[in-house]
Amino acid sequence: MPKFNHRVIAVVSLALLLIVGAASAQDQTTQPLPPAYSLTGITHIYQGWNNCGPATLTMGLTYFGYNADQSSAAQWLKPNTEDKNVSPWQMAEYVNTQVGADVSALIRYGGTLDLLKTLIANHFPTLIEAGYNPPSAAQGWMGHYLLMSGYDDAQNVFITQDSYDGPDLAYTYDHVDEHWQHFNRVYIVLYPPEREAELLDLLGTDADERQNMINALTQARAEVETDRQDAFAWFNLGSNYTMLGEYEYAALAFDQARNIGLPWRMMWYQFMPFEAYLEVERYDDVIALAQANLNDGGGQFVEETFYYAALARQALGETDRAISNFNGALAFNPNFTPARAARDVLASQ
């Protein structure tokens, strides 16, 4: 792994100026908000084993009248109960392809506390993915979904539906922002399709997906400039560069994040480093990250581990090993569509 150096910082900072330019930060539609607000009609659900994602998503769906049964979402999102991760895109795909036509899901990045309050006050249940430190320090950092169901400015807290710790839990604004940063402040909005135009209006410049990525990049840039030792800020910088197709800069940012130090479970949940390193042909690094996941006691239960290893093997011309790894991902999760598509194309060649 490259050593931390100021030349790389200068290169990445210059890249930020070139790509972001004069782009402004998020510019959501402004409107007066009540000082406190809570959604009603949500049923809290305690998660089953490794079932944070499906349980939290199901809680959000109960707002629209769906049954408070997490098993339906779990069976599609993670057929293997040992699966350690369900990604935001999978949650949205489940809503948009498997749930009824009366509810849709939208993903964006680089959210703000004010935006969360705006969405809640306008009756849009919103899920976030955030870092979580269990009561037992020995367990270590992990990823966790929260359903944001209310807020109170007088107490500076959000009210959340937490599938692990319980219903109607209050987390301070600072706590939410700190731990939400660990996941590039990603958020999933649930909404009825007939309200899509209203939702996009509330999102302001974040309504456009590419502009949202630029906004999130601007946010990460500011945090890197504030604290050059903030590994999460560097990681978010890399993630946003990857989504924008600027893979060289993304790889440099991920190198910095890894050099500073990330939680050992980080690659169970977020996979943009695999994407960036693949695009810059650092295949050995991709395989090393996948191997680290396999060695750490839980990453073998993450289908993306096998998927990205397969892509690296494919790029190296190791067709049989690539197909084997694609099959490994699908054996673990038959609904992981990227692995199926890539395997079928490779097998047909």
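What comes next is a walk through the structure.

Rules of the game
- Counting starts from 1 at the beginning of each chain's written sequence and moves along it residue by residue.
- At least 70 in pLDDT is required for a residue's local features to be given in this predicted model, at least 80 for side-chain atom pairs to be given and counted, and no such filter applies to totals for whole chains, interfaces and linings, which use all residues.
- With hydrogens and water stripped out, all remaining heavy atoms of the structure feed into the side-chain values.
- In DSSP terms, a helix is any run of H or I states spanning at least four residues, a strand is any run of E spanning at least two, and both are numbered starting from the N terminus.
- Two things to know: the radius of gyration comes from C-alpha atoms, and the globule rule equals 2.2 Å times the number of residues to the power 0.38.
- Buried, partly exposed and exposed residues are distinguished by accessible area as a fraction of the type maximum, computed with a 1.4 Å probe on protein chains only: under 20%, between the cut-offs, and over 50%, respectively.
- By definition in these notes, contact holds between two residues if any of their heavy atoms fall within 4.5 Å.
- Here, Shrake-Rupley sampling with a 1.4 Å probe gives the accessible areas, and only protein chains in the shown set may cover a residue.
- His is not counted, nor are the chain ends, whereas Lys and Arg count as positive and Asp and Glu as negative.
- Every charge is mapped to an atom, namely NZ of Lys, CZ of Arg, CG of Asp or CD of Glu.
- Whenever a carboxyl oxygen of Asp or Glu lies within 4 Å of a side-chain nitrogen of Lys or Arg, that contact is scored as a salt bridge.

The next subject is the overall build of the protein. Counting its regular elements, the protein contains 16 helices and seven strands. For the protein, the C-alpha radius of gyration of 20 Å lies close to 20 Å, the compact-globule estimate for 349 residues. Once the C-alpha set of the protein is aligned to its principal axes, its extents read approximately 55 × 45 × 40 Å. When each of the 349 residues of the protein is scored for burial, the buried share is 55%. Considering only intrachain contacts with a sequence separation of at least 6, the fraction spanning at least 24 residues in the protein is 67%. Only carbon and sulfur atoms are counted for the fraction: they give 51% of the accessible area of the protein, which is about 14,400 Å². Charged side chains in the protein number 18 positive and 41 negative. The centres of these two groups are separated by 8 Å.

In this section: the pattern of salt bridges. This structure, assessed with the given rule, holds 11 salt bridges. Of the charged contacts in the structure, one is a salt bridge between D114 and K117, with a shortest N-O distance of 3.7 Å. Of this pair, D114 and K117 both sit in helix α5 (residues 113-121), three residues apart, roughly one helical turn. D344 is the salt-bridge partner of R343, the closest N and O atoms lying 3.0 Å from each other. Overall, the relative accessible area of 39% leaves D344 in the partly exposed class. Linked by salt bridges that have partners in common, D114, K117 and D153 make up one network.

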